[in-house]
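# A structural walkthrough
What follows is each chain in one-letter form.
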Amino acid sequence: QVQLVESGGGLVQPGGSLRLSCAASGGTFNNYAMAWFRQAPGKERELVAVVSGSGGITSLGDSVKGRFAISRDNAKSTVYLQMNTLKPEDTAVYYCAASTYYSLQRLQYPYWGQGTQVTVSS
């Protein structure tokens, strides 16, 4: 019953920035941990960031620490991923996901958005 819709992807130069948004509906937003995963062709889907329902706890994947940040606005039922100092290796489809439990594991997330493409290239 939870629907998630990502937006904000696109083409960006190396070193540039993008902010992704994920709008949620159909559930009580603050009860869900929210996460961003990404998947490049031929690769496994990997965790980028996760934030607890209250926004008080966050985790980032090692490859994006110091460059990306996750945040949420529960009044707007929206989670964000701020991506700075982008690298070509960040190129992937980025997916928003929701879970009733805070987790770093993909299989713990039953609700997923459709994904948004991020391409980092000169």
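Structure first, text after, so check above.
As a convention, each chain's residues are numbered from 1 in the sequence order in which they are written. A pLDDT threshold of at least 70 governs which residues receive local features in this predicted model, and a stricter bar of 80 or more applies before side-chain atom pairs are shown or counted, although totals over entire chains, interfaces and linings include all residues. Heavy atoms from the whole structure form the basis of all side-chain values; hydrogens and water molecules are not counted.

## Digging into the packing of aromatic side chains
We describe a pair of aromatic rings using the distance from one ring centre to the other and the angle between the two ring planes. A pair of Phe, Tyr and Trp rings is counted when the ring centres sit within 6.5 Å of each other, with Trp represented by its six-membered ring. The angle between the planes then sorts it: under 30 degrees is stacked, over 60 is edge-to-face, the rest tilted. By the definition in use, this model includes four aromatic pairs. Ring geometry for Phe 37 versus Tyr 109: centroids 5.4 Å apart, planes at 70 degrees, classification edge-to-face. Of this pair, Phe 37 sits in strand E4 (residues 33-39) while Tyr 109 sits in the loop between strand E9 (92-99) and strand E10 (111-112), and the two are 72 residues apart along the sequence. Looking at Phe 37, the relative accessible area reads 1%, which means it is buried. Each ring, one from Tyr 95 and one from Trp 112, has its centre 6.4 Å from the other, and the planes form 80 degrees; the classification is edge-to-face. With Tyr 95 in strand E9 and Trp 112 in strand E10, this residue pair connects regions lying 17 residues apart in the sequence. Buried, partly exposed and exposed residues are distinguished by accessible area as a fraction of the type maximum, computed with a 1.4 Å probe on protein chains only: under 20%, between the cut-offs, and over 50%, respectively. Judged by relative accessible area, which is 14%, Tyr 95 ranks as buried. Put simply, DSSP marks the helices as runs of H or I at least four residues long and the strands as runs of E at least two long, and each gets a number from the N terminus on.

## Some words on the sheet that holds strand E1 (residues 3-7)
The four strands are arranged E1-E3-E8-E7 in an open sheet whose pairing can be described as antiparallel. Of all strands in the sheet, those with a lone pairing partner are E1 and strand E7 (68-73), marking the two edges. Strand-to-strand twist across the sheet, computed as the mean angle between neighbouring axes with direction ignored, equals 15 degrees. Strands are treated as partners if at least two bridges between them are detected by DSSP. Here strand E3 (residues 18-25) pairs with strand E8 (residues 78-83) via six bridges, running antiparallel. Every axis in this analysis is a line fitted to C-alpha atoms, fitted for helices over the stretch in contact. Angles between the N-to-C directions lie between 0 and 180 degrees.

## With respect to the environment of Leu 4
Within the secondary structure layout, Leu 4 lies in strand E1. Here Leu 4 falls in the buried class, since its relative accessible area comes to 5%. The spatial distance from the C-alpha of Leu 4 to the C-alpha of Thr 78 is 9.2 Å, given a sequence separation of 74 residues. Those residues in contact with Leu 4 that lie beyond four places of it in its chain are Cys 22, Ala 23, Ala 24, Met 34, Cys 96, Ala 97, Ala 98, Tyr 111, Trp 112, Gly 113 and Gln 114. Note on contacts: a residue pair is in contact if any heavy atoms of the two residues lie within 4.5 Å.

## Side note on the state of the cysteines
The disulfide definition used here is simple: a pair of cysteine sulfur atoms within 2.5 Å. For the structure on display, the rule yields one disulfide. Covalently, Cys 22 is tied to Cys 96 through a disulfide, its sulfur atoms 2.1 Å apart. Measuring handedness by torsion sign, the sulfur bridge of Cys 22 and Cys 96 sits at about -80 degrees and is left-handed. Separated by 74 residues along the polypeptide, Cys 22 in strand E3 and Cys 96 in strand E9 bring together distant segments of the chain. Taking relative accessible area as the criterion, Cys 22 reaches 0% and is therefore assigned buried.

## Description of the nonpolar core
For soluble globular proteins, the rule of thumb is that nonpolar side chains tend to be buried together. Note on terminology: a nonpolar core comprises buried Ala, Val, Leu, Ile, Met, Phe, Trp, Tyr and Cys residues joined through side-chain atoms within 4.5 Å. Within the largest apolar cluster, 27 residues are counted, with the highest numbers of intra-cluster contacts made by Met 34, Trp 36, Val 79, Leu 81, Met 83 and Tyr 94. Secondary structure elements with two or more residues in this core: E3, E4, strand E5 (46-51), E7, E8, E9 and strand E11 (116-120). Excluding its chain neighbours within four sequence positions, the residues that come into contact with Met 83 are Gly 16, Ser 17, Leu 18, Leu 20, Arg 67, Phe 68, Tyr 94 and Val 118. In terms of nonpolar packing, the next biggest core, distinct from the first, is built from six residues, Ala 35, Phe 37, Leu 47 and Val 50 among them.

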